[in-house]
Structure formats: structure tokens, C-alpha cells
Amino acid sequence: MSGISIGVLAVQGDVAENIMATKMALEELGLEGIVSEVKTPEQISDIDGLIIPGGESTVIGTLSMVNGSLKKIKEKIASGMPVFGICAGMIMLSKKAKDRVLGEMDQPLLDFLDVKIERNAFGRQKDSFESVISIDKIGISKFPGVFIRAPSILETGKDVEILSKFNEKIIAVKQGNVLGTSFHPELTGDLSLHKYFVNLIKAKH
Ligand code: GLN
């Protein structure tokens, strides 16, 4: 089997940190593969798995729509490619998002993850925090959750599996090949979620 190719959407946000964490995850799992920045529809069509990093979902969405990569990502999701959306990335994957203060905004979304999201659900930048969370459903009993202007999930459709909650708020979900977290695993030294995602890609490869 040839190595797997994992892309990190390089529009805005935590790109370098995700590339590093994914490379380390591959190495720890003893798997062959490459991890690269992807920006264009052509680059996206060549990968086996994609991470959409945290950042600002309105910016990531608008820029990805303009260059055609949003459409390509949609096609790839529909064809079964695993995608991991982190914070703004999870917002991007959702069908519906509204801001806690500003309400609904006309922002481009991938319209796949059957959830209703509240952006900035825990407050703004100054309310960012860290807390130990558990993602028992996928065998991760303790994980350092880093929440930065984090969203929460208000409602889930029937195909969505809730993986974790914090203070009654849903903070991690999975729907088939799509994984989403409100928090930022790439900013911790803990590779368990990146390893879990790499294994999802490997299983499809
Ligand atoms: N609040 C940001 C948004 O709504 C997400 C923050 C993040 O990705 N850390 O897009």
C-alpha cells in the first residue's frame, strides 16, 4: 500500500501546528504518508484526508468559495474522504451556524455536518480557556481541551454521533467520515485525536 496523503487547508488559521501534529501522529503510528498545505481545488483533489484548521470561519469560508476549493471539498466529502474540522473548521462543515451575539450571518458553509452551531458559544477571545475533557466514545479518557472563541453544538441530526460534552455543551461530533471539535488539539502536546483521524483515513485508503 502506498503512503497516505493528508492535506491541511491553508487559507487562514492554525495551519503549521496541524501539519506538525499530523506528521507526528503518522510517525507514532508507524505509517507512511505525507502532510501538506492545500489551497487549490487541484491540490484538494489529490488528497486522502483533509484537516480544516481553526481560525475565523467567515474568512476561511469566503476565501475558499472564491477560489473554488469549497466546491471541491464538498465533492470529496460526498465521495467519502475523511475530514477533520477544528473549531472554525467544524463551523465550516456544518449545515447551520449562528453567532451567539450577532445571530445568523450569511457565511459560506460546506453544508454537510447535520448540526446547528452556536459560534463563540463560550464568549470571545478573553474568555478562552483550557480544561480537561473526555472523549470516551473513541477511547480517549482524558484530553486537554483548548477553547479559543469556541463554538458549541446546539442540535444534532440523527446521523450525528456526540463524542463529547463539556458543561452540558456538545463539543465533539462525528458523522460518518466527518469529525469535528470545538477545541484545538493541535495546540496541545497530545496527539490522540490526530492519531484517531489518521486511522480513519488509513481505514479508507
Ligand atoms: N470564533 C471563530 C469563528 O466563529 C472560531 C474560533 C477558532 O477557530 N478558534 O469562526
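Up top you'll find the structure we're talking about.
Attention in this report is confined to the structure presented alongside it. (Residues numbered from 1 in each chain as written. Predicted model: local features only at pLDDT ≥ 70, side-chain atom pairs only at ≥ 80, totals over all residues. Heavy atoms only, no water.)

### Here's the deal with the nonpolar core
Our working definition: The criterion is simple. A nonpolar core is a set of buried Ala, Val, Leu, Ile, Met, Phe, Trp, Tyr and Cys residues joined through side-chain atoms within 4.5 Å. The classification of residues rests on relative accessible area computed with a 1.4 Å probe and restricted to protein chains. Under 20% of the type maximum is buried, over 50% is exposed, and intermediate values are partly exposed. The helix and strand labels rest on DSSP assignments: H or I over at least four residues marks a helix, E over at least two residues marks a strand, and numbering proceeds from the N terminus. Any two residues whose heavy atoms approach within 4.5 Å at even a single point are treated as in contact.
Counting residues in hydrophobic clusters, the biggest one holds 34 residues, and the most contacted among them are Ile-133, Ile-135 and Phe-183. Among the elements of the structure, strand E1 (4–9), helix H1 (15–29), strand E4 (83–86), strand E8 (129–135), strand E9 (140–147), strand E11 (161–166), strand E12 (169–175) and helix H6 (192–204) are those that each provide at least two residues to this core. Among the elements that make up this core, the one with the highest residue count is H6 (6 residues). In this structure, Phe-183 is in contact with Ile-86, Cys-87, Ile-133, Ile-135, Phe-143, Gly-145, Val-146, Phe-147, Ile-171, Ala-172 and Leu-193, ignoring residues within four places of it in sequence. Counting residues in each nonpolar core, the second largest holds 28 residues, with Ile-77, Ala-88, Leu-110 and Ile-117 among its members.

### Quick notes on empty space enclosed by the protein
In plain terms, the rule: The distinction between a cavity and a pocket rests on a 1 Å grid over the protein atoms alone: a 1.4 Å probe fits inside a cavity but cannot get out, while a pocket stays open yet meets protein on both sides within 12 Å along at least five of seven lines, and a residue with an atom within 4 Å of a point counts as lining. Grid points are joined across faces, edges and corners, and a volume is the space filled by probe spheres set on the points. Ten residues, namely Ala, Val, Leu, Ile, Met, Phe, Trp, Tyr, Cys and Pro, are considered nonpolar, four, namely Asp, Glu, Lys and Arg, are considered charged, and the remaining ones, Gly among them, are considered polar.
On inspection of all chains with the given rule, the structure shows 1 cavity of 30 Å³ or more. Approximately 40 Å³ is the volume attributed to the largest cavity. What lines the largest cavity is Lys-96, Ala-97, Lys-98, Glu-104, Lys-116 and Ile-117. Elements with a minimum of two residues in the lining of the largest cavity: strand E5 (94–99) and strand E7 (113–119). At 3 residues, E5 tops the list of elements feeding residues into the lining of the largest cavity. Tallied by class, the residues present in the lining of the largest cavity amount to 2 nonpolar, no polar and 4 charged.

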